[in-house]
Amino acid sequence: MAGSPDSPRHKHKVTVVGSGNWGTTVAKLVAENTRAHSDTFEEDVQMWVYEENVTIPPDSPHYDAAVGDQPQKLTSVINTHHENVKYLPKIALPSNVVANPSLLDAVKDSSILIFNLPHEFIGNVCKQIKGHILPSARGISCIKGVTVTEDKVELISEYIGESLGIYCGALSGANIANEIANELWCETTIAYNTPPCDRRGENGTNGNGANGDHHHRDARGQISKTQLTPVPLDYPPVDHAELYKLFDRPYFTVSMVSDVVGVSLAGALKNIVALACGFIEGHGWNMTAKTAVMRRGMLETIQFCQDFFPETIQEMTFWESAGWSDMIVSCTSARNWRYSKMAAERGVSLHEVERTELNGQKLQGISTTKEVMSFLKARGVQDKYPLFKAVEGIVDGTFEVKDIPVLFRQ
Ligand SMILES: NC(=O)C1=CN([C@@H]2O[C@H](COP(=O)(O)OP(=O)(O)OC[C@H]3O[C@@H](n4cnc5c(N)ncnc54)[C@H](O)[C@@H]3O)[C@@H](O)[C@H]2O)C=CC1
Ligand SMILES: O=C(CO)COP(=O)(O)O
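Residues numbered from 1 in each chain as written. Chains lettered and ligands numbered in written order. Predicted model: local features only at pLDDT ≥ 70, side-chain atom pairs only at ≥ 80, totals over all residues. Heavy atoms only, no water.

Focus: the site of ligand 2
Thinking step 1. As a structural note, the neighbourhood of ligand 2 is formed by Lys144, Gly173, Ala174, Asn175, Lys270, Asp326, Val329, Ser330, Ala334, Arg335 and Asn336.
Thinking step 2. A distance of 2.7 Å separates an oxygen atom of ligand 2 from a polar side-chain atom of Lys144.
Thinking step 3. Note that an oxygen atom of ligand 2 is positioned 3.0 Å from one of the backbone N or O atoms of Asn175.
Thinking step 4. Here ligand 2 loses 91% of its free accessible area of 310 Å² to cover by the protein chains.
Thinking step 5. Given that more than half its atoms are within 2 Å of the pocket grid, ligand 2 belongs to the largest pocket.
Thinking step 6. Broken down by element, the residue count for the shell around ligand 2 peaks at 3 residues, all from helix 10 (residues 321-332).
Thinking step 7. Of the residues that constitute the shell around ligand 2, the class distribution is 3 nonpolar, 4 polar and 4 charged.
Thinking step 8. In this structure, the shell around ligand 2 is formed jointly by two domains, domain 1 (12-258) and domain 2 (262-408), each of which donates at least three residues. (Near = heavy atom within 4 Å. Polar contact = N/O pair within 3.5 Å; in protein donor to acceptor, adjacent residues only side chain to side chain. Areas by Shrake-Rupley, 256 points an atom, 1.4 Å probe, with all protein chains shown as cover. 1 Å grid on protein atoms, 1.4 Å probe; cavity = no way out; pocket = protein on both sides within 12 Å on 5 of 7 lines; lining within 4 Å. Sits in = over half its atoms within 2 Å of the grid points. Helix = DSSP H or I, 4+ residues; strand = E, 2+ residues; numbered from the N terminus. Nonpolar A, V, L, I, M, F, W, Y, C, P; charged D, E, K, R; others polar. Domains from an automatic or database assignment.)

Quick look at the environment of Leu363
Thinking step 1. Structurally, the position occupied by Leu363 is in the loop between helix 12 (350-357) and helix 13 (364-378).
Thinking step 2. C-alpha of Leu363 to C-alpha of Ser340: the two residues are 23 residues apart in sequence and 9.3 Å apart in space.
Thinking step 3. Not counting residues within four places of it along the chain, the set of residues in contact with Leu363 comprises Arg335, Asn336, Tyr339, Leu350, Glu354 and Leu358. (Contact = heavy atoms within 4.5 Å.)

As for the packing of aromatic side chains
Thinking step 1. Under the counting rule described, the total for this entry stands at 8 aromatic pairs.
Thinking step 2. Ring geometry for Trp48 and Tyr50: centres 6.3 Å apart, planes at 80°, overall edge-to-face.
Thinking step 3. Judged by relative accessible area, which is 61%, Tyr50 ranks as exposed.
Thinking step 4. Considering the side-chain rings of Tyr167 and Tyr192, the 4.8 Å spacing of their centres and the 85° angle between planes classify their relative orientation as edge-to-face. Placement of the pair is Tyr167 in strand 10 (residues 167-172) and Tyr192 in the loop between strand 11 (186-191) and strand 12 (213-217), with a sequence separation of 25 residues.
Thinking step 5. With relative accessibility at 5%, the residue Tyr167 sits in the buried group. (Phe/Tyr/Trp six-rings, centres within 6.5 Å; stacked < 30°, edge-to-face > 60°. Buried < 20%, exposed > 50% of the residue type's maximum accessible area, 1.4 Å probe, protein only.)

Let's talk about empty space enclosed by the protein
Thinking step 1. Evaluated as defined, the whole model comprises 1 cavity of 30 Å³ or more.
Thinking step 2. Its boundaries defined by the atoms lining it, the largest cavity holds a volume of some 70 Å³.
Thinking step 3. If you trace the largest cavity, you find it lined by Ser141, Ile143, Lys144, Gly145, Ile156, Ser157, Ala170, Leu171, Ser172, Val263, Ser264 and Gly267.
Thinking step 4. Going through the elements one at a time, helix 5 (156-164), strand 10 and helix 8 (260-283) are the ones with two or more residues in the lining of the largest cavity.
Thinking step 5. Partitioning the lining of the largest cavity into residue classes produces 5 nonpolar, 6 polar and 1 charged.
Thinking step 6. Two domains share the lining of the largest cavity, each providing at least three of its residues, namely domain 1 (12-258) and domain 2 (262-408). (Points joined across faces, edges and corners; volume = space filled by probe spheres on them.)

Regarding the sheet that holds strand 6 (residues 112-115)
Thinking step 1. Spatial strand order, 5-2-1-6-7-10-11-14: 8 strands in an open sheet with mixed pairing. Among the strands making up the open sheet, the edge pair consists of strand 5 (97-100) and strand 14 (252-257). Across the sheet, the axes of successive neighbouring strands diverge by a mean angle of 25°, strand direction being ignored.
Thinking step 2. Where strand 11 and strand 14 come together, 6 bridges link them in parallel fashion. Looking across to strand 14, one finds that Glu187 is bridged to Thr253.
Thinking step 3. Packed onto the sheet, helix 2 (residues 74-81) meets strand 2 (41-48) and strand 5 and runs at close to 165° relative to strand 5. (Pairing = 2+ DSSP bridges. Axes fitted to C-alpha atoms, helices over the stretch in contact; angles between N-to-C directions.)

A short note on the side chain of Lys13
Thinking step 1. Among the structural elements, Lys13 can be located in strand 1 (residues 12-17).
Thinking step 2. Despite its burial, Lys13 pairs with no opposite charge; the closest candidate is Asp109, at 5.4 Å N-O. (Lys, Arg positive; Asp, Glu negative; His and termini not counted. Salt bridge = Lys/Arg side-chain N within 4 Å of Asp/Glu carboxyl O.)

Notes on the UniProt feature "active site" (unreviewed entry) in the chain
Thinking step 1. According to UniProt, the feature "active site" (unreviewed entry) maps to Lys270 in the numbering used here.
Thinking step 2. Assignment of secondary structure puts Lys270 in helix 8. (UniProt positions renumbered as here; feature names shortened; annotations may be inferred.)

What about the site of ligand 1?
Thinking step 1. Not every one of the 24 residues close to ligand 1 is listed here, only the nearest: Asn21, Trp22, Ala177, Lys362 and Gln364.
Thinking step 2. A distance of 2.8 Å is found between an oxygen atom of ligand 1 and a backbone nitrogen or oxygen belonging to Ala177.
Thinking step 3. Here ligand 1 has 850 Å² of accessible area as a free molecule, and 90% of this is covered by the chains.
Thinking step 4. Assessed atom by atom at 2 Å from the grid points, ligand 1 resides in the largest pocket.
Thinking step 5. The biggest single contributor to the shell around ligand 1 is helix 1 (residues 21-36), with 3 residues.

Observations regarding the environment of Ile56
Thinking step 1. Inspection of the secondary structure puts Ile56 in the loop between strand 3 (53-54) and strand 4 (72-73).
Thinking step 2. The sequence separation of Ile56 and Gly262 amounts to 206 residues, and the corresponding C-alpha distance is 42 Å.
Thinking step 3. Ignoring any residue separated from it by four or fewer positions in sequence, one finds Ile56 in contact with His62, Tyr63, Gly68, Gln72, Val77 and Val85.

Topic: the layout of surface pockets
Thinking step 1. A volume near 1,100 Å³ is recorded for the largest pocket.
Thinking step 2. Taken together, 44 residues form the lining of the largest pocket, with Gly20, Asn21, Pro118, Arg335 and Lys362 sitting closest to its centre.
Thinking step 3. Going through the elements one at a time, helix 1, helix 4 (122-129), helix 6 (177-181), helix 8, helix 10 and helix 11 (335-346) are the ones with two or more residues in the lining of the largest pocket.
Thinking step 4. Of the residues forming the lining of the largest pocket, the biggest block, 4 residues, is contributed by helix 11.

This is the structure in structure tokens:
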């Protein structure tokens, strides 16, 4: 194989698959880093945009009287004005973020794929790009959610890895997109288990002799096996050091860990707890009630990890940004909390609030609650998760918020 780790001939091409509130924020910070480390990464960052028409209001600096209120393509607005006027308004994007409406063109030849879109859309995206990506590409999922099929629950990162035949890690933390886009400091956690075939030896070999088999455990404890194509030696490595270079910013402090399961599940399940906290506050209770719910929610989160992923879970993960920090921020200032509070105050459904108030953004807690509960019910263990079950009941209208304290009685 040509090249050596000391003299890679290629640079990594990076694509962000998704361009919502968080997708666009991550594209911004990654593009700042590809510029800062242009020896390792191609400067331009592709950002796949689910194309739609937008109208620029007259009070916007991007308003063009000649165009008026005629709808324009979101990709064309982003590439012209360097702003995602719909999902991340008033934030200047670096000019090396390139919005692309073609999914296949955006991922073509990319060696690092960052998946960042609401979890309900990932299945369709993977179906479309399968066979159209570099076999040696590596992924990072910034998606908070799980996929449930029949009685099986899967991490999004595992789902991506298995369906595309690549290795995929996970980024999750106490991260409010608008704050980070405004460069207000926070932490995040990236979980990545550099596959043995990508671990480089001192003499320019790869894999330390390992082949491309990669094993992981799914939710039912079964071993699944993906035959990985190693990252070629004429590319820089994809490991903790390189991923740190790609994501860490002065306002975005990255911790690298290897517990992909813990990081992914903490990020997904806290959205159920955030809904509970919104309902609690909408009902008129305050911080003391919310902390009781957070504590219970964290216990059920850890129990879920131990019940279904017992051999991989690491308790220290819950002390990372992806653990307690995300639980706290999600239950006090994120969208799932904010809009479930609004739904409870107005006495309307969460779906109604999502439709009328979010301008196309998604509340991941609604589908995650449904998916997690359908998995627990299929296994007959839903009563071991009273808070998750109560949240499903509140969303369905079969449980009342005022009865939450009953769950805490021994
Ligand atoms: N917004 C935030 O502060 C944070 C979000 N996250 C997670 O990031 C992930 C992505 O969320 P956001 O970027 O906030 O999204 P968002 O909720 O702001 O935007 C929705 C996105 O979905 C796209 N979309 C709509 N229909 C689609 C379809 N049929 N196929 C594909 N895409 C479609 C829209 O174009 C838009 O880009 C979620 O899992 C969320 O939990 C994680 C940390 C922070
Ligand atoms: O994950 C988040 C905070 O860490 C963002 O959560 P929301 O999707 O509820 O805004």
